[in-house]
Amino acid sequence: MHDKYLMADNQILHTLYNEALSIGIVNNQYAFSRLCGRKHNWYSCAKSIGRKMSIGVMITLAVKLDHLDLSYLPQEKRQEAKSFAKSIWQQVEAEIIGPHAQEEVQDLEIVVS
C-alpha cells in the first residue's frame, strides 16, 4: 500500500468488516481479508496496528462484491449486500474526487437539471 493513498478515516476498515459480517458476506476476519484481496491475516494485523484502509483495497472489495455469488444469502440480505457494494463505490468516489470537487459537481448538476 502506498501511504499517499491511505484514507483519512481509519475506522472505515472496521466499519466495513462489521457490515460484511452482519450481512453474512463473510464469517470471519480471514474471509474478509481474502475478500479484500489480501493475505488471510491482513485484517487482523491492520486492526492491531491501526492501519488505515487504502482506496485500492476498497476498490478491490467493491469489485469482488459486485462479482460475488450471493445465492447463498436470503433475498433481503442480497439486497443489503448490493447496497453495501454501492456504498463502498460512493466512498471511493468521494475519496478520489474530494469534498470540494463533489460540491462543484453537485452545483453543476443543479444548474444542468
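Residues numbered from 1 in each chain as written. Predicted model: local features only at pLDDT ≥ 70, side-chain atom pairs only at ≥ 80, totals over all residues. Heavy atoms only, no water.

Caption draft 1: Molecular detail of the nonpolar core. In this structure, Leu16, Ile25, Phe32, Trp42, Met53, Leu61 and Ile88 are the most contacted members of the largest nonpolar core, which totals 28 residues. Apart from the residues within four sequence positions on either side, Phe32 is in contact with Leu13, Leu16, Tyr17, Ala20, Val26, Trp42, Tyr43 and Leu61. (Core = buried A, V, L, I, M, F, W, Y, C linked by side-chain atoms within 4.5 Å. Buried < 20%, exposed > 50% of the residue type's maximum accessible area, 1.4 Å probe, protein only. Contact = heavy atoms within 4.5 Å.)

Caption draft 2: Looking closely at helix H1 (residues 12-23). The end-to-end C-alpha distance of H1, which contains 12 residues, comes to 16 Å, matching closely the 16 Å that a straight helix rising 1.5 Å per residue would cover. Among all positions of H1, only Ile12, Leu13, His14, Leu16, Tyr17, Ala20 and Ile23 are buried. Lining the buried residues of H1 we find helix H2 (29-35), helix H3 (42-49), helix H4 (55-67) and helix H5 (75-97). (Helix = DSSP H or I, 4+ residues; strand = E, 2+ residues; numbered from the N terminus. Expected span 1.5 Å × (residues − 1).)

Caption draft 3: Representation of the packing of H1 against H5 in the model. Following both chains from N to C, one finds H1 and H5 inclined at 165 degrees, their axes separated by 10 Å at the closest point. Classified by the angle between their axes, H1 and H5 sit roughly antiparallel to one another. With respect to the hand of their crossing, H1 and H5 are arranged in left-handed fashion. The residues of H5 that touch H1, namely those facing Ile12, Leu16, Glu19, Ala20, Ser22 and Ile23, are Lys77, Glu80, Ala81, Phe84, Ile88 and Gln91. Grouping the amino acids of the contact of H1 with H5 by side-chain chemistry returns 7 nonpolar, 2 polar and 3 charged. (Axes fitted to C-alpha atoms, helices over the stretch in contact; angles between N-to-C directions. Parallel < 35°, antiparallel > 145°, perpendicular 65-115°, else oblique. Left-handed = near helix turned anticlockwise from the far one by under 90°. Nonpolar A, V, L, I, M, F, W, Y, C, P; charged D, E, K, R; others polar.)

Caption draft 4: Representation of H4. With 13 residues, H4 extends 18 Å between its outermost C-alpha atoms, agreeing within 8% with the 18 Å of an ideal straight helix rising 1.5 Å per residue. Buried positions along H4 lie against H1, H2, H3 and H5.

Caption draft 5: Structural detail: the packing of aromatic side chains. The full count for this structure, using the stated rule, is 3 aromatic pairs. Judged by centre distance (5.3 Å) and plane angle (75 degrees), the rings of Tyr17 and Phe32 are edge-to-face. In this pair, Tyr17 is assigned in helix H1 and Phe32 in helix H2, connecting sequence segments 15 residues apart. Taking 4.5 Å as the distance between ring centres and 25 degrees as the angle between the ring planes, the aromatic pair formed by Tyr17 and Tyr43 counts as stacked. Of the two residues, Tyr17 is situated in helix H1 and Tyr43 in helix H3; the sequence distance between them amounts to 26 residues. With respect to class, Tyr17 is no different from Tyr43; both count as buried. (Phe/Tyr/Trp six-rings, centres within 6.5 Å; stacked < 30°, edge-to-face > 60°.)

Caption draft 6: Representation of the packing of H4 against H5 in the model. Direction vectors running N to C along H4 and H5 enclose 150 degrees, while the axes themselves pass 9 Å from each other. The angle between the axes of H4 and H5 places the two elements in the roughly antiparallel class. As H4 packs across H5, the resulting crossing turns out to be left-handed. Facing H4, whose interface residues are Ile55, Met58, Ile59, Leu61, Ala62, Val63, Leu65 and Asp66, H5 presents Phe84, Ala85, Ile88, Trp89, Gln91, Val92, Glu95 and Ile96. For the contact of H4 with H5, a count of residues per class yields 13 nonpolar, 1 polar and 2 charged.

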